[in-house]
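Below are the chains, spelled out letter by letter.
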Amino acid sequence: MRRYEFDGNFLYYVRLIKKLYEQTLQRVADDCGLSLPETDVLSFLRENPGFDTACDIALYREVSRAYVSKAVESLAAKGYLHITKDKADRRYQHLTITEKAEPLAEKLHHAQFMFYETVTKGLTDTEFNAMLAAIEKCANNLAEVTAG
């Protein structure tokens, strides 16, 4: 049987990563005159084009629907999001970043890239690829446990 001897800092490290990510988005938000939820929604849509509903954002970002809804309303009012009703199920709305918001979305993408660069600094390509493979396996294990 495998022995797990963590130094007690594993969850602390996870919180540090989340905190740094939020600080990264907040800097861009402040620079662009947006709220953190607005930058969160824009960056999610930029990075995950196949997941384009408010429900998707709330689920995958683990935030409340109200958090997403308020940001979506504000972004649409500013002309940064285009909202279209789903043809098959009118309860769903698909969100698309407008041309006006593309420079902001690219700025967020660059900030995310810099965040990843900061977190993975000093890792060789082999270490980086091993880390991604390990994270994917752990995520699959978590998905199995939480699905049922």
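Let me sum up the structure you'll find in this document. The shown structure was predicted, so the numbers you read here are calculated from the model rather than taken from an experiment.

As for a nonpolar patch on the surface
No. 1: A cluster of nonpolar residues, F10, L11 and V14, forms a patch on the protein surface that exposes about 300 Å² of accessible area.
No. 2: With respect to the secondary-structure elements, F10 resides in helix α1 (residues 10–32).

Section: the packing of aromatic side chains
No. 1: Scanning all chains against the criterion turns up four aromatic pairs.
No. 2: Ring geometry for Y21 and F115: centres 5.2 Å apart, planes at 70 degrees, overall edge-to-face. Note that Y21 is positioned in helix α1 and F115 in helix α5 (residues 102–120), a separation of 94 residues in sequence. Both residues of the pair, Y21 and F115, belong to the buried class.
No. 3: Aromatic ring contacts, followed pair by pair, group Y21, F115 and Y116 into a single cluster.

So, the side chain of D52
No. 1: Checked against the element boundaries, D52 lands in the loop between α2 (36–47) and α3 (54–61).
No. 2: K87 provides the closest opposite charge to the buried, unpaired D52, separated from it by 11 Å.
No. 3: D52 has contacts with L45, Q93, H94 and L95, leaving out every residue within four places of it along the chain.

The rules we used
Residues numbered from 1 in each chain as written. Predicted model: local features only at pLDDT ≥ 70, side-chain atom pairs only at ≥ 80, totals over all residues. Heavy atoms only, no water. Patch = residues over 30% accessible without salt bridge, like charges linked within 9 Å, V, L, I, M, F, W, Y side chains within 5 Å. Areas by Shrake-Rupley, 256 points an atom, 1.4 Å probe, with all protein chains shown as cover. Salt bridge = Lys/Arg side-chain N within 4 Å of Asp/Glu carboxyl O. Helix = DSSP H or I, 4+ residues; strand = E, 2+ residues; numbered from the N terminus. Phe/Tyr/Trp six-rings, centres within 6.5 Å; stacked < 30°, edge-to-face > 60°. Buried < 20%, exposed > 50% of the residue type's maximum accessible area, 1.4 Å probe, protein only. Lys, Arg positive; Asp, Glu negative; His and termini not counted. Contact = heavy atoms within 4.5 Å.

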